[in-house]
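# Observations on chain architecture
These are the residues of each chain, in order.
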4 protein chains.
Amino acid sequence: MIVVMQPGATQEQVREVEQRLRELGFKSHPIYGEEKTVIGAVGDKKVLSLEAIINLPGVEKLVPIMKPYKLVSRELKKVKTVVEVRGVTIGGEQLVVMAGPCAVESWEQLIEAAWVVKEAGAQVLRGGAFKPRTSPYAFQGLEEKGLEMLARAREETGLPIVTEAVDTRDVTLVAHYTDIIQIGARNMQNFQLLREAGLTGKPILLKRGLAATVEEWLMAAEYIMAAGNPQVILCERGIRTYENATRNTVDISAVPLIRENSHLPIIVDPSHGTGSWKLVTPMARAAVAAGADGVMVEVHPDPSRALCDGPQSLHPDTFKRMMAELEPVAGAVGRTLL
Amino acid sequence: MIVVMQPGATQEQVREVEQRLRELGFKSHPIYGEEKTVIGAVGDKKVLSLEAIINLPGVEKLVPIMKPYKLVSRELKKVKTVVEVRGVTIGGEQLVVMAGPCAVESWEQLIEAAWVVKEAGAQVLRGGAFKPRTSPYAFQGLEEKGLEMLARAREETGLPIVTEAVDTRDVTLVAHYTDIIQIGARNMQNFQLLREAGLTGKPILLKRGLAATVEEWLMAAEYIMAAGNPQVILCERGIRTYENATRNTVDISAVPLIRENSHLPIIVDPSHGTGSWKLVTPMARAAVAAGADGVMVEVHPDPSRALCDGPQSLHPDTFKRMMAELEPVAGAVGRTLL
Amino acid sequence: MIVVMQPGATQEQVREVEQRLRELGFKSHPIYGEEKTVIGAVGDKKVLSLEAIINLPGVEKLVPIMKPYKLVSRELKKVKTVVEVRGVTIGGEQLVVMAGPCAVESWEQLIEAAWVVKEAGAQVLRGGAFKPRTSPYAFQGLEEKGLEMLARAREETGLPIVTEAVDTRDVTLVAHYTDIIQIGARNMQNFQLLREAGLTGKPILLKRGLAATVEEWLMAAEYIMAAGNPQVILCERGIRTYENATRNTVDISAVPLIRENSHLPIIVDPSHGTGSWKLVTPMARAAVAAGADGVMVEVHPDPSRALCDGPQSLHPDTFKRMMAELEPVAGAVGRTLL
Amino acid sequence: MIVVMQPGATQEQVREVEQRLRELGFKSHPIYGEEKTVIGAVGDKKVLSLEAIINLPGVEKLVPIMKPYKLVSRELKKVKTVVEVRGVTIGGEQLVVMAGPCAVESWEQLIEAAWVVKEAGAQVLRGGAFKPRTSPYAFQGLEEKGLEMLARAREETGLPIVTEAVDTRDVTLVAHYTDIIQIGARNMQNFQLLREAGLTGKPILLKRGLAATVEEWLMAAEYIMAAGNPQVILCERGIRTYENATRNTVDISAVPLIRENSHLPIIVDPSHGTGSWKLVTPMARAAVAAGADGVMVEVHPDPSRALCDGPQSLHPDTFKRMMAELEPVAGAVGRTLL
């Protein structure tokens, strides 16, 4: 931490800051510039209320030097984390494709989608049983019935499943059925849910919050890892910006940025990221080219009758074309798709 | 809903859209322009999967005409809602000031802050017992102990209390102690929490999410009202923008905008909104001048030792000055403060 | 400047950074922490390519300590700047109200608006002769004819005028007619235009760019002052955020922030800031309550026939009501309006 | 245009809107819903002040149906535009790579960079002679001397050049030397500059503004085309968002979005887009995979001594590696690089 004093701060004010730093177990190193004095605070303690120092007289601002996360950091663990789920690896040389409907609507819809995505080469089946919806009047999901259908679809197709938990009270139930627990964008900073999901020991797919910085996202992953669960998969799904031609703005640069700062695998969801099925395939190609470990896409047997997120769901034929287009891109960056 | 067809859409495509609208119980009214055809869909049914129509061939985009919220709407209820809590009214002529520490840290800290804010004229005591923190290593609150202290401070000072619930499992516990349940910005779209809090029947203080539109915010309030609880107080606390000179950007225009669209009371939290105690007083004045029903501010007996949000907490003397400055502004807009 | 070294940076890398700092005329002060080394760079030289140091091996990031602006800074000049234009003072105890149509459309429209705003108490007449429009097919202004009408309206009403310059080639022409030259939001970083306008010696009204930070805005003012012109008036007119219920988001907190960091006067334009006439009056009240030195608003004799920005223009009666509501708010913060 | 009436709007108000529409040359088609009436306005006239209708009594909002741009639209011209500059094609099957230093600093620096980028396969040399800089104290470019050096570098290497014009007064001068005129992000809505540059007849590289929507960007291109110049190359260079781990957020989805809506070629500048040389190569790969027609990158012989944008400039070796990595990605999407 660097403490920057105001121009004109008195010697006494500098001394008071230094004394408070010592009280908190830090060594202080003042540097006297032409106009301002700055004080370096060195210590091995995690003292998070250090920020209160800004209220001492004469202090202008604080500049943190250390990154706030540890367990998720590439500095701590150089080797990339590979998550394994029923024989599917996420974060290795092979890319992962998670696909399926936004919401589980019926057994027929689910199993049709499941076979479609499996045959086209997807390795994980996605589908929502608990749906967080902006409107209380929108379809909220089939809940436990949906979970049962997902498990049955896994039995029939052999595809491991990923589905979202939205309430701490349901985490055990969801974990009972699913292979990977998804934490949705709206819940990225629902810290109780993160901890609860972490405690199940199941792999966690952690979506980036709509307005979360990369640092806050990694801090959310830190919550899960601090609960003893190292199996975290990050998922970029678009951030909220002023641009409204797309539902969100997919931040592809988050992919190499996460790669540089963390050992965790990262995938991209271009369906939620763009909100428009026409943009899904080019953005999936971009994600893979940027170094993502895979993609997550919505596929519906008949998008024009979907109960949720129809506009961004791929028709089965479009999904097959997407897979065909992804393969050479995967090869171009030294990865395999199928 | 208006369905806009692509330029060059065929007659058959228009007919297919009209037929699907009829299937869904709508009447269709096509208008043939020079380059594009648009189809007005009129119906009394809430058909939310109507958006799937965008996947029909030839459709370019959908334009919703109706607002998605009902119960919170000024169109439905012209008279402003006034929430009453132990003799304090929120939404009436008198402004409400909710003040106290970010987090309950100890009995001494809480009761000192409580007397300070009461003596300066605050009518509600705020304080966090469950704290959602970005870092798993930060102080997370005293939990039930904190709730007990808040209740005891209410007994001693007579101030009603407001405190946050962060987990569906704790809502009953929090409701047992508090007068107003706060839903924090990070949980604005934690729909299970909204519903659970709504079911307690206690007044709910609903903070705006960091990246929530005014419409999404009102939809979150709609969740609470749809659970049968009409006592919702909205709280603007700053939105996330590119500007980083302040912690967030307080959207003061949300105050008259909410006033125009909803009957619910709205207050402003300039402490979280700006992140800097120096900006709290001018922004509190602005909030009142814009028509807010009150403000919520953080006050700490010794901000330089606060365990949470020190930089934005007011020193007791600064809080007194703020109250002195707010009073004439209240008068200027026809409201009373004390 | 603080240079933060990567964890694991070698002694040699630290030495190389220190040597480069010395070459550039700086003294270096290394501080050795547990995990990272940081190096304080102290010097009196403005060395702007210092940022290139980030490319030296082992460097993680640079942290600037000094603010990049000088002339506009409150640290340099404690006393507030007061701009005087034909007897009207901007930045003093009395608030300034600049009002008039978005664009000068005809002599009749202009002079009617001029008398309306003058009679209601405005001190400066605004009106655009050169209009920057998003579409090449929209009305682009009456150009020099518009300037002549503005000058004639000044003669008749006695109101000083403010109008925008959009091209370096027109600055002399605009300066010939106007009392205050406006630099619009789109041109805030048109540095040639800033310099040219600065050189005229006329007071400059500098609108904040749509996506400009407060710091960038002050740097734009620094360009004008560096051209020898100290008469700069800042104008907050809303920033672009994700919220689309308003045209822009008025950043009221910029008012106290500018007050703290600069000696320049600041006014607020709630017409462009909100894009909706219904929000103009409450936001004008908020601006004054927050400490603004005045407001700038659009008034049109018949907004439903305006050629530009009709939706945000006030009807003459609404403007009168706004003035009546502003007066007590001005008094509440120790200012006068009329 | 659709006019949406307020709930409760009277028949007379609807008639008044219809009459005004007729006055403006439109046919009106009212649709009466349960709660609201909407009026479709059909006409072949470009009536841009139509928005003033929002001020008529009873009107709630206006919904535009037509896109505001024409000449740049894919609806008007289905075939992709290919720009040709001294034998280099932009927008065809072969990708274009524009590379070189941020600013021309000296002949030695420029020619060294020029040979480096040429040998690695770049087809166009970039370099700034007029530099728009946030600070008036930063290096502002060599101006005409820089232009002469660029022209000399073209002679020696055979590479066509692209450089920025920042002032209407310099457009002729810049056009005299350069092959492609760049309009920078800060000037995207400097409409006089757009028109002046358009009139030169030279190909224009139009960077997206920092806070410009895709629609506003296309409208800026429309200004150039409306000046009679069809040779416009769009360049995505990152937009401003709340995320500050990168300098800007590269909006890769703009690439397929532009492809869908316009016939103009689009390239991506990952140097300005990310602000960090480490992210340039993965983002260049992503751009190509998403369908961009090329990339523009900054290359400096010694980035640690660059006078401008050092942190984002590629070292010559890194640039060579980037080119090597781009080639297979180009192949994977059916394009060629070299």
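## Re the overall build of chain A
- Helix and strand counts for chain A stand at ten helices and 14 strands.
- C-alpha atoms of chain A, sized along the principal axes, occupy 75 × 45 × 40 Å.
- For chain A, buried positions account for 67% of its 338 residues.
- Of the contacts made within chain A by residues no fewer than 6 positions apart, 68% connect residues no fewer than 24 positions apart.

## Structural notes on the sheet that holds strand S1 (residues 2-5) of chain C
Residues and elements named next belong to chain C.
- Reading across from one edge, S2-S3-S1-S4 is the order of the four strands in this open sheet, with antiparallel pairing throughout. At either margin of the open sheet sits one strand with a lone partner, and together these are strand S2 (27-32) and strand S4 (59-63). When strand polarity is set aside, the average angle formed by the axes of neighbouring strands in this sheet is 20 degrees.
- As paired strands, S1 and S4 are joined by four bridges and run antiparallel to one another. In the strand pairing of S4, Ile-2 is matched with Val-63.

## A few points about the packing of aromatic side chains
- This model, assessed by the stated rule, comprises four aromatic pairs over all chains.
- Ring geometry for Phe-191 of chain B and Tyr-223 of chain B: centres 4.4 Å apart, planes at 20 degrees, overall stacked. Taken as a pair, Phe-191 of chain B in helix H5 (residues 191-199) and Tyr-223 of chain B in helix H6 (residues 214-226) lie far apart in primary sequence, 32 residues in all.
- Taking the relative accessible area as the measure of exposure, Phe-191 of chain B reaches 2% and is therefore buried.
- On the accessibility criterion, Tyr-223 of chain B (2% relative accessible area) is buried.
- The side chain of Arg-152 of chain A reaches across the aromatic face of Trp-107 of chain A, ending 3.7 Å from its centre.

## Quick look at the environment of Pro-57 of chain A
All names here are of chain A.
- Tracing the backbone shows Pro-57 in the loop between strand S3 (37-42) and strand S4 (59-63).
- By relative accessible area, which is 40% here, Pro-57 ends up partly exposed.
- Along the primary structure Pro-57 and Val-88 are separated by 31 residues, whereas in three dimensions their C-alpha atoms are 57 Å apart.
- Setting aside chain neighbours within four positions, we find Pro-57 in contact with Met-5, Gln-13 and Glu-16.

## Digging into helix H2 (residues 107-120) of chain C
Residue and element names in this part refer to chain C.
- Between its terminal C-alpha atoms H2 stretches 20 Å, which fits the 20 Å expected from 14 residues at 1.5 Å a residue.
- Buried within H2 are the following residues: Trp-107, Gln-109, Leu-110, Ile-111, Ala-113, Ala-114, Val-116, Val-117 and Ala-120.
- Where H2 is buried, its residues touch strand S7 (96-100), strand S8 (124-126), helix H3 (144-157) and helix H10 (316-332).

## Quick look at the interface of chain B and chain A
- Across the boundary between the two partners, chain B contributes 54 residues, which contact 54 residues of chain A.
- Across the chain B to chain A interface the summed buried area is about 4400 Å²; carbon plus sulfur atoms make up 50%.
- The tally of links between chain B and chain A comes to six salt bridges.
- For the pair chain B and chain A, the number of links is 29 residue pairs in polar contact (both at pLDDT 80 or more).
- Counting residues per element, the ones that place at least two in the side of chain B that touches chain A are helix H1 (11-23), H5, H6 and helix H9 (277-290) of chain B.
- Here the side of chain B that touches chain A takes five residues from H6 of chain B, the largest share from any one element.
- Across the side of chain B that touches chain A, the residue classes break down as 24 nonpolar, 14 polar and 16 charged.

## A closer look at the relation of the copies chain B and chain A
- Laying chain B over chain A is done by rotating through 180 degrees and shifting 0.0 Å along the axis; what remains is an RMSD of 0.0 Å. When the rotation and shift are considered jointly, the pair of chain copies conforms to a two-fold rotation axis. By C-alpha distance to the rotation axis, the residue of chain B lying nearest is Ala-211 of chain B, at 2.9 Å.
- Interface overlap between copies is the fraction of interface residues in one copy that are interface residues in the other; for chain B against chain A it reaches 100%, indicating a shared surface.

## Observations regarding the domain arrangement of chain A
- According to the domain assignment, chain A contains domain 1 (2-63) and domain 2 (83-332).
- Measuring from the centre of the C-alpha atoms in domain 1 of chain A to the corresponding centre in domain 2 of chain A gives 45 Å.

## Some remarks on the relation of the copies chain B and chain D
- Overlaying chain B with chain D gives an RMSD of 0.0 Å, the required rotation being 180 degrees about an axis along which the chain moves by 0.0 Å.
- Both copies present the same face, since 100% of the interface residues in chain B are matched by interface residues at the equivalent positions in chain D.

## Concerning the pattern of salt bridges
- A complete count under the given rule lists 92 salt bridges over all chains for this structure.
- With a shortest N-O distance of 2.8 Å, Glu-243 of chain D and Arg-208 of chain A are connected by a salt bridge. You can see Glu-243 of chain D sitting in the loop between strand S12 (232-236) and helix H7 (254-261) and its partner Arg-208 of chain A sitting in the loop between strand S11 (204-207) and helix H6 (214-226), one on each of two chains. This pair shows no difference in class: Glu-243 of chain D is buried, exactly as Arg-208 of chain A is.

## Details of the interface of chain B and chain D
- The interface is formed by 28 residues belonging to chain B together with 28 residues belonging to chain D.
- Across the chain B to chain D interface the summed buried area is about 2100 Å²; carbon plus sulfur atoms make up 69%.
- Ranking the residues of chain B by area buried against chain D places Ile-31, Ile-65 and Tyr-242 of chain B at the top, with a combined share of 25%.
- At the boundary of chain B with chain D, the tally comes to two salt bridges.
- The closest approach of N and O atoms between Glu-35 of chain D and Lys-70 of chain B, which form a salt bridge, is 3.6 Å.
- Within the residue set of the side of chain B that touches chain D, elements represented by two or more residues are strand S1 (2-5), strand S2 (27-32), strand S3 (37-42) and strand S4 (59-63) of chain B.

The rules behind the values
Residues numbered from 1 in each chain as written. Chains lettered and ligands numbered in written order. Predicted model: local features only at pLDDT ≥ 70, side-chain atom pairs only at ≥ 80, totals over all residues. Heavy atoms only, no water. Helix = DSSP H or I, 4+ residues; strand = E, 2+ residues; numbered from the N terminus. Buried < 20%, exposed > 50% of the residue type's maximum accessible area, 1.4 Å probe, protein only. Contact = heavy atoms within 4.5 Å. Pairing = 2+ DSSP bridges. Axes fitted to C-alpha atoms, helices over the stretch in contact; angles between N-to-C directions. Phe/Tyr/Trp six-rings, centres within 6.5 Å; stacked < 30°, edge-to-face > 60°. Lys NZ or Arg CZ within 6 Å of the ring centre and 35° of its normal. Expected span 1.5 Å × (residues − 1). Buried area = accessible area lost by both parts, 1.4 Å probe. Salt bridge = Lys/Arg side-chain N within 4 Å of Asp/Glu carboxyl O. Polar contact = N/O pair within 3.5 Å; in protein donor to acceptor, adjacent residues only side chain to side chain. Nonpolar A, V, L, I, M, F, W, Y, C, P; charged D, E, K, R; others polar. Least-squares fit on C-alpha atoms with pLDDT ≥ 70 in both. Domains from an automatic or database assignment.

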